[in-house]
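Fold and geometry: a report
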Number of protein chains: 6
Amino acid sequence: MSDNYQPRDSMRSPRFSQPATFMRLPYVPDLKNVDIALLGIAYDGGTSYRPGTRFGPREIREQSSLIRPYNRVMDRYPFNDFNIADCGDIDTAPNSIERTNELIEEGIRRVLEQAMPVVVGGDHSISLPILRAIGKKNGPVGRIHFDAHPDTWDEYFGGKYFHGTPFRRAVEEGWVDPSRMIQIGIRGPLYGADDLDFQREHGIRWITIDEVRERGVRAVADEMRSIAKGQMYVSFDIDCVDPAFAPGTGTPEVGGLDSYEALTFVRALKGVDVVGFDLVEVTPLYDGPGQVTSLLAANLVFEFLSSR
Amino acid sequence: MSDNYQPRDSMRSPRFSQPATFMRLPYVPDLKNVDIALLGIAYDGGTSYRPGTRFGPREIREQSSLIRPYNRVMDRYPFNDFNIADCGDIDTAPNSIERTNELIEEGIRRVLEQAMPVVVGGDHSISLPILRAIGKKNGPVGRIHFDAHPDTWDEYFGGKYFHGTPFRRAVEEGWVDPSRMIQIGIRGPLYGADDLDFQREHGIRWITIDEVRERGVRAVADEMRSIAKGQMYVSFDIDCVDPAFAPGTGTPEVGGLDSYEALTFVRALKGVDVVGFDLVEVTPLYDGPGQVTSLLAANLVFEFLSSR
Amino acid sequence: MSDNYQPRDSMRSPRFSQPATFMRLPYVPDLKNVDIALLGIAYDGGTSYRPGTRFGPREIREQSSLIRPYNRVMDRYPFNDFNIADCGDIDTAPNSIERTNELIEEGIRRVLEQAMPVVVGGDHSISLPILRAIGKKNGPVGRIHFDAHPDTWDEYFGGKYFHGTPFRRAVEEGWVDPSRMIQIGIRGPLYGADDLDFQREHGIRWITIDEVRERGVRAVADEMRSIAKGQMYVSFDIDCVDPAFAPGTGTPEVGGLDSYEALTFVRALKGVDVVGFDLVEVTPLYDGPGQVTSLLAANLVFEFLSSR
Amino acid sequence: MSDNYQPRDSMRSPRFSQPATFMRLPYVPDLKNVDIALLGIAYDGGTSYRPGTRFGPREIREQSSLIRPYNRVMDRYPFNDFNIADCGDIDTAPNSIERTNELIEEGIRRVLEQAMPVVVGGDHSISLPILRAIGKKNGPVGRIHFDAHPDTWDEYFGGKYFHGTPFRRAVEEGWVDPSRMIQIGIRGPLYGADDLDFQREHGIRWITIDEVRERGVRAVADEMRSIAKGQMYVSFDIDCVDPAFAPGTGTPEVGGLDSYEALTFVRALKGVDVVGFDLVEVTPLYDGPGQVTSLLAANLVFEFLSSR
Amino acid sequence: MSDNYQPRDSMRSPRFSQPATFMRLPYVPDLKNVDIALLGIAYDGGTSYRPGTRFGPREIREQSSLIRPYNRVMDRYPFNDFNIADCGDIDTAPNSIERTNELIEEGIRRVLEQAMPVVVGGDHSISLPILRAIGKKNGPVGRIHFDAHPDTWDEYFGGKYFHGTPFRRAVEEGWVDPSRMIQIGIRGPLYGADDLDFQREHGIRWITIDEVRERGVRAVADEMRSIAKGQMYVSFDIDCVDPAFAPGTGTPEVGGLDSYEALTFVRALKGVDVVGFDLVEVTPLYDGPGQVTSLLAANLVFEFLSSR
Amino acid sequence: MSDNYQPRDSMRSPRFSQPATFMRLPYVPDLKNVDIALLGIAYDGGTSYRPGTRFGPREIREQSSLIRPYNRVMDRYPFNDFNIADCGDIDTAPNSIERTNELIEEGIRRVLEQAMPVVVGGDHSISLPILRAIGKKNGPVGRIHFDAHPDTWDEYFGGKYFHGTPFRRAVEEGWVDPSRMIQIGIRGPLYGADDLDFQREHGIRWITIDEVRERGVRAVADEMRSIAKGQMYVSFDIDCVDPAFAPGTGTPEVGGLDSYEALTFVRALKGVDVVGFDLVEVTPLYDGPGQVTSLLAANLVFEFLSSR
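Residues numbered from 1 in each chain as written. Chains lettered and ligands numbered in written order. Predicted model: local features only at pLDDT ≥ 70, side-chain atom pairs only at ≥ 80, totals over all residues. Heavy atoms only, no water.

Focus: the overall build of chain A
Helix and strand content of chain A: 10 helices and 8 strands. In summary, chain A has a C-alpha radius of gyration of 18 Å against a globular reference of 19 Å for 308 residues, a match within 12%. C-alpha atoms of chain A, sized along the principal axes, occupy 55 × 40 × 40 Å. By the burial criterion, 75% of the 308 residues in chain A qualify as buried. Once local pairs closer than 6 in sequence are excluded, the contacts in chain A between residues at least 24 apart make up 76%. Put simply, chain A shows about 8200 Å² of open surface, and 47% of that area lies on carbon and sulfur atoms. (Helix = DSSP H or I, 4+ residues; strand = E, 2+ residues; numbered from the N terminus. Rg over C-alpha atoms; globule rule 2.2 N^0.38 Å. Buried < 20%, exposed > 50% of the residue type's maximum accessible area, 1.4 Å probe, protein only. Contact = heavy atoms within 4.5 Å. Areas by Shrake-Rupley, 256 points an atom, 1.4 Å probe, with all protein chains shown as cover.)

Quick look at the structure:
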């Protein structure tokens, strides 16, 4: 047995018992010995429609109680290979997106001194300060982005920050190298045909759900890996998945990926040099009692850990 | 920018704000300048199992708040191409299906003087009076029918009207030309092997989900278009979709279409001469908090508008 | 029959039909002829715990469908006595409480030119800009405040604005005369014994639920009226009611008023010179399928209208 | 142990086990040896707002699983004192209120040949055909009526029958003696001051919730008993109870009875000569997962049985 | 018309009416004339995570109300071909898994004297005593097992019995011939790479969801039938289906079968000599208001009946 | 500021942030410096009807996030007066009530070496092993018991242990002195008139809800205190509260205490020498989205802490 942090033994401590932490791992807010830090960022002030992602980290902790330590498909024991722990949440300021951005950036900066951040949101606006912290330390990174929406709009009610703008900002500010950026799962009505002009101008690759349907998941995953040169940041917006599989999200779009396809895409990250990961936009308030969205989110994080 | 009726600008008026109308369009009950009238018919008195489609129009209005004006797949701005508005509901008589039939027929008759009716139900019994109004004005029409059920039974508790009989009635009364009628998505247990005798006798084409699975959506959509000669009426019963994607319906049948397939079928209506459309059988009471059924319904209506 | 705006006739147009407006009244966003403007403010960016009051106005519109025009207890027909309409929502900026405060103040300023504002929130932070608009027009007003919480804290995460500070701000800025301010229903754990020092220093009267239980509702209502000299603003935070009767709220406190007591307090406003009213903190996401919180809210607004 | 029909022994057959019948009693659709017949009438076609009482009988069966055989307050074992069984539902015609009225009248007529009917609805329209059957057999009866609404309106969408008219009809047709009729719990907005003119003209006593609050439950119960001369029919509309205690109902009105008061009123029926009883307007679709409304309904029926 | 037990005629007795029995069949607890006994076992004491399968039989009865008598795909009328009835539940002891095992074994033993048991659970621990009863009567049987989990763990909290161990026990005790055992749908994180050693040692065939995705449902079904030599027991754990289609289960695993695939596998049992069938792990408490999991379960049972 | 363990500062760390612990206190599983240990026992294997109290501790942790540190009514800062922490759960064995009893007794024994146990259940069967541990250390204690049910039945399905028997066992085994035992809130149907014979024989005082209604809460609380001589154990079964205020419980009984009365009874424990406290029978699965039952439970625990 590894000396690493391990989940509680569910044959002695029932899964439904004890305060819920990510995957029943120890709670290590001081990051001691941690290689990969599971972090929550409970913020939904950048949300344009349905709120509640502020409760995402807690519910994903709860639903991650079912995770067992061995990944059969990847043949990996991630908790043996790395020291992984629940490092708590980076506290935010619910009444100010600007102040929240500062708190997140500072929180991630401290994590980066020692560990890779694997973050559970919160709404998608939290990706920008994470990228700022990474970019300031590592320089520009590439970016793999699973999402129904491009999230490269420019403004919202006169402000620069909400969950629809982070990746325009991240490119403008120089933290993301657009030539190594790919968006997968784009679909749904848009504001206009020019919504993807930013992508066109900056050479960002986007792949619609229609292209996924035509070419198949494997071909798209291969292209994804071919774009993933050098250090990459991965952002998984749960709304890339269809509302049947992930109803608990803020701006759902019908006609998306199914859960098996989502797992397949994350498994395909094996071999990619990832410096940070976030899974965002889970709002438990819009899920049913089975909380299948948080359950899927917990599994996607586990697959990501298994791909390291 | 078109002078047509436009949805509220969601970058200035939040999507969750203001009384909910279809796709955040103006409320124009007097039909002024309207080309395509979005109408609700809030009636569930023809329901044999789970009630609640009377709340379908309101919930679909609510969930249509996420619709944006540009359809990327179809490359269309339907609100620019046509004057489309929320023209309110045609009021019904909750305690009498016969009186409701009269009210609907009269309401549709008035709409037809100026605009194409795009109706949100309500249970499937509402299709009959719509077809009566159209038939009296235009003569017999063809009919494309997405549904898990044939809806051509003869009687119910001694009455001629409920949500399982409208299309037998419509053919008998001469409003629908059965040689140009196709039903897609049929599945689930039946009363007997003779349940489809009406189809056999009248030359109505029906396609089961099994046939869809074997031949594929595209081949079936091609056949659908080949049958669609002349003026057609399109009726989309949400229960043609699987309960995972559309739990909020009155007589759900497992093993149905997924949401992407449903969108694909509606997009395939492009080029068909449609004189009326209804989307029925959404009962919000059986949906989860994410109201994914109403969200799908709203998107299907938007796809239909984009196919004009 | 009065020529005033009237609710739809529910014997001809079913209650569940048509786009939902407050009490099934006409939608009059331009305020034409309106004496009392029913307004929504769909904002929850000042919320410290459970979000979702952004959907309060829409759900209260929905649940107000049951309201009939005659108030038997008060023997009044408010829709005959005044021209009352649904004047829509004052649009907010979901990503900025400061910008939202400006938008609300400007919106109320325009309403005040013609009508009394009766506002449905939204979280309690919206009361401050309403009071600013009223105060700038009318000078300082008195204030009747139903709430479980004093809402006179000073700061939150380094900011001056959230739903726990508006009445400290309103007194500091001079819009509320603290000698004519009364708070009813205070209960629940506090941060410290000094949480009510602001009240003590400014002579604000507060009445705990315990005092209500000891003295009775009538005695407390009498005292309320004795404090209500001159122009008064009334703010009803639904969390003054017990969670059994109003579970759909953001910071619920057990042991509160029951619904009959809440109605009684609002009826006791008869004779008070009220210049503005708000009902806040209803979040439908935490209510059950019966939406009893929004139903109670709708009735409280109707009782207030009947007390004019 | 009595030879009568008995509930299953919950110390041997778990409460959650076996097909759900009323109070876990045997299912005796042929009424053999039955003194008191527990019957469902699953009809909601007379409903003006929220549907779903068609599922009332099944859910009340389910929630009645908690009932134990001894009533401590009344010191009675009703299942020993009478032969009580679940006699199934009287089947209705969901698409016709007129045909349903006939089916109910005929069904009750057959029950009356042998047993007292204790009926669980369904919406309140079902009381009329029950009263017709009783009246044709016994002549006019008195009537005790717990309800938030008078239910003596005249018409609805041009029809004579819906859940707001049965008691005007019952008086007009001569089945109820208005001088021995009392309504308890009346509240909520009305259409007009003349809504109670029918009561005034016919000498029907009505007691508002405000009168209950002023005089107390005991005094009102005493008056109720004083009116109850001769054979009486008792109708308990669950909406006389506050929505906090009974959210699962079709036209809820805030500010009602609490559950203890409701129990007290039913217990006060002891000594009254009751010839039929109904409990109506429970719609499980609007209750929460605890189904407290159906649980209360089941207990009210048990209290009624214990009062015989 | 067959003289066999038949479902109520839903054109005369509404589907939502009468006490809910499986498929609206007669309740025949004494098994008189029964060929195939539909039985509930309402036990969840072997559950390691989410409870509530004790309410599975009742909810599946409820949702089976939609089943009609003719299976179009299989072209069969199962209720004509066999005498099928709702034979009630085998009562269990909620506080003891050992005593429950005895009660189940004895209950099944009595059923086997006359009829084939088709059992609705309940958690998966109930399969062991069913297999004991069958094995004692018939000798070892083969076994087809649809599940996300292998259920061959050894112990749990020091006990031999819970829902993760029954099939290790059944093989150890000699009731199941492992060479004729196949598991389909395996997926999700495991405890370790040795979790499937029992399968390897005993020659049990297991097929992961990944293998299903690669080879297709038909190829896997063919292999399943090739293993099904001699008498077989079939156990369908609903968690082999994806949580989007079956959220109401105790240990859900994302990335599973869809509902059409599940139906296809059960239809493929045609021609297999099945001596007993169970469908387990449906917990209605984690399903949404549409109860799609129970609906799917009811249909899977109907498909199984049609495959006989 | 006290050096004691303190809740997180909710003006810097949002209430919805971080893994949920009781009242946002530090998680101290090793009991270091702890005076009062907040403990969960997540066990529902003794439940006769609705399961799910295994999730009680987690949900009450979640809902206790709203608790602030100062109790205004009691004028106490409990976290300053005592060192109070979340000491985690005592792990149980979900598949064996006997083994669970041993695990609980051993867990409480260890706690008692240093701290007073304040336990959140779980079903009521957990009280017995707690009393065993206390009794073995301290000798017989008195007992204050809030409950709708007497919980002194003798057996259940042939076993001695389930949530209806613990207090017969505790008296029989000598851990509770029946002359100092009082039960408050008894109501609902019973099995027979002899259900309270055990109370009569042992001189246990029980007070029905009817007696509470007649004499008032204060008089009953006075009597309670008069019985509380010497060391007392307090057990609060949430079902003593009415289902409107506490729907999330396993065997709800209508007509109970309201939340203010429940708070009042717990406050009246001030001055009583309490050696252990439990709050049991909260099952979040039957609560609505507002989780008002868990919220009330959290507040009752806080009131108890404030009464020390």
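That was the structure; now back to the text.
As for the environment of B:M23
Residue and element names in this part refer to chain B. If you trace the backbone, M23 turns up in the segment before strand 1 (36-40). Between the C-alpha atoms of M23 and R8, which are 15 residues apart in sequence, the distance is 8.7 Å. Not counting chain neighbours up to four residues away, the residues in contact with M23 comprise P7, L38, S64, I67, F79, A298, V301, F302 and L305.

A look at the relation of the copies chain D and chain B
Relating one copy of the chain to the other requires a rotation about an axis plus a shift along that axis. Its rotation angle being 180 degrees, the transformation that places chain D on chain B also includes 0.0 Å of axial translation and leaves an RMSD of 0.0 Å. The two molecules are tied by a two-fold rotation axis, judged by turn and shift. Interface overlap between copies is the fraction of interface residues in one copy that are interface residues in the other; for chain D against chain B it reaches 100%, indicating a shared surface. (Least-squares fit on C-alpha atoms with pLDDT ≥ 70 in both.)

What to know about the pairing of strand 8 (residues 274-280) of chain F
Residues and elements named next belong to chain F. Where burial is concerned, most of strand 8 is hidden: 7 out of the 7 residues are buried. By the bridge criterion, 3 bridges tie strand 3 (residues 116-120) to strand 8 in an arrangement that is parallel. Counterpart to V119 in the pairing with strand 8 is D278. With 6 bridges joining them, strand 7 (residues 232-237) and strand 8 adopt parallel strand pairing. Bridge pairing in strand 8 links V234 to F277. (Pairing = 2+ DSSP bridges.)

Some details on the interface of chain D and chain B
With 22 residues of chain D in contact, the opposing surface of chain B contributes 22 residues. Note on chain D versus chain B: buried area summed over both sides is about 1700 Å², and carbon and sulfur give 54% of it. Summed over the three residues of chain D that lose the most area to chain B, namely D:R54, D:N95 and D:F157, the buried surface amounts to 34% of that side. Where chain D packs against chain B, one counts 0 salt bridges. Across the contact surface, chain D and chain B share 8 residue pairs in polar contact (both at pLDDT 80 or more). (Buried area = accessible area lost by both parts, 1.4 Å probe. Salt bridge = Lys/Arg side-chain N within 4 Å of Asp/Glu carboxyl O. Polar contact = N/O pair within 3.5 Å; in protein donor to acceptor, adjacent residues only side chain to side chain.)

Regarding the side chain of C:D147
All names here are of chain C. Relative to the helices and strands, D147 is located in the loop between strand 4 (141-146) and helix 5 (166-172). Buried and unpaired, D147 has no salt bridge, with R143 as the nearest side chain of opposite charge at 6.1 Å. At 3.3 Å, the side chain of D147 forms a polar contact with the side chain of H124. In terms of polar contacts, D147 uses its side chain to reach the backbone amide nitrogen of H149, at 2.9 Å. Ignoring anything within four residues of it in the chain, the contact list for D147 reads H124, I184, G185, I186, D237, D239 and C240. (Lys, Arg positive; Asp, Glu negative; His and termini not counted.)

What about helix 10 (residues 292-306) of chain B?
Given a rise of 1.5 Å per residue, 15 residues ought to cover 21 Å, and the 21 Å separating the end C-alpha atoms of helix 10 of chain B matches this to within 8%. Counted residue by residue, helix 10 of chain B has 15 buried out of 15 residues, so it is predominantly covered. (Expected span 1.5 Å × (residues − 1).)

Some remarks on the relation of the copies chain A and chain E
For the match of chain A to chain E, the screw axis carries a shift of 0.0 Å, the RMSD comes to 0.0 Å, and the turn is 120 degrees. The operation mapping one copy onto its partner corresponds to a three-fold rotation axis. Comparing interface residues between copies, only 6% of those in chain A also sit at the interface in chain E, which points to a heterologous contact through distinct surfaces.

Brief notes about the confidence of the model for chain A
For chain A, per-residue confidence averages 97 on the pLDDT scale, and 100% of positions sit at 70 or higher. Both scores are available for the predicted complex, with the pTM at 0.98 and the ipTM at 0.97. (pLDDT = per-residue confidence, 0-100.)

Remarks on the interface of chain A and chain E
With 33 residues of chain A at the interface, the matching set in chain E holds 36 residues. Taken together, the two surfaces of chain A and chain E that pack against each other cover about 2800 Å², and 62% of this comes from carbon and sulfur. Contact with chain E buries surface across chain A, with A:M11, A:R68 and A:R72 losing the most and accounting together for 27% of the total. The interface formed by chain A and chain E includes 3 salt bridges. Of the charged contacts, one joins A:R72 and E:D210 as a salt bridge, the two residues approaching to 3.0 Å between their closest N and O atoms. Where chain A packs against chain E, one counts 15 residue pairs in polar contact (both at pLDDT 80 or more). Contributions of two or more residues to the side of chain A that touches chain E are made by helix 1 (56-63), helix 9 (259-267) and helix 10 (292-306) of chain A. Across the side of chain A that touches chain E, the residue classes break down as 18 nonpolar, 8 polar and 7 charged. (Nonpolar A, V, L, I, M, F, W, Y, C, P; charged D, E, K, R; others polar.)

Some points on helix 8 (residues 217-227) of chain A
Residues and elements named next belong to chain A. Buried residues of helix 8: V217, V220, A221, E223, M224 and I227, and no others. Seen along its axis, helix 8 keeps its buried residues to an arc of 160 degrees; they face one direction. Contact partners of the buried residues in helix 8: strand 4 (141-146), strand 5 (176-186), strand 6 (205-208), helix 7 (209-215), strand 7 (232-237) and helix 9. (Arc of directions from axis to C-beta.)

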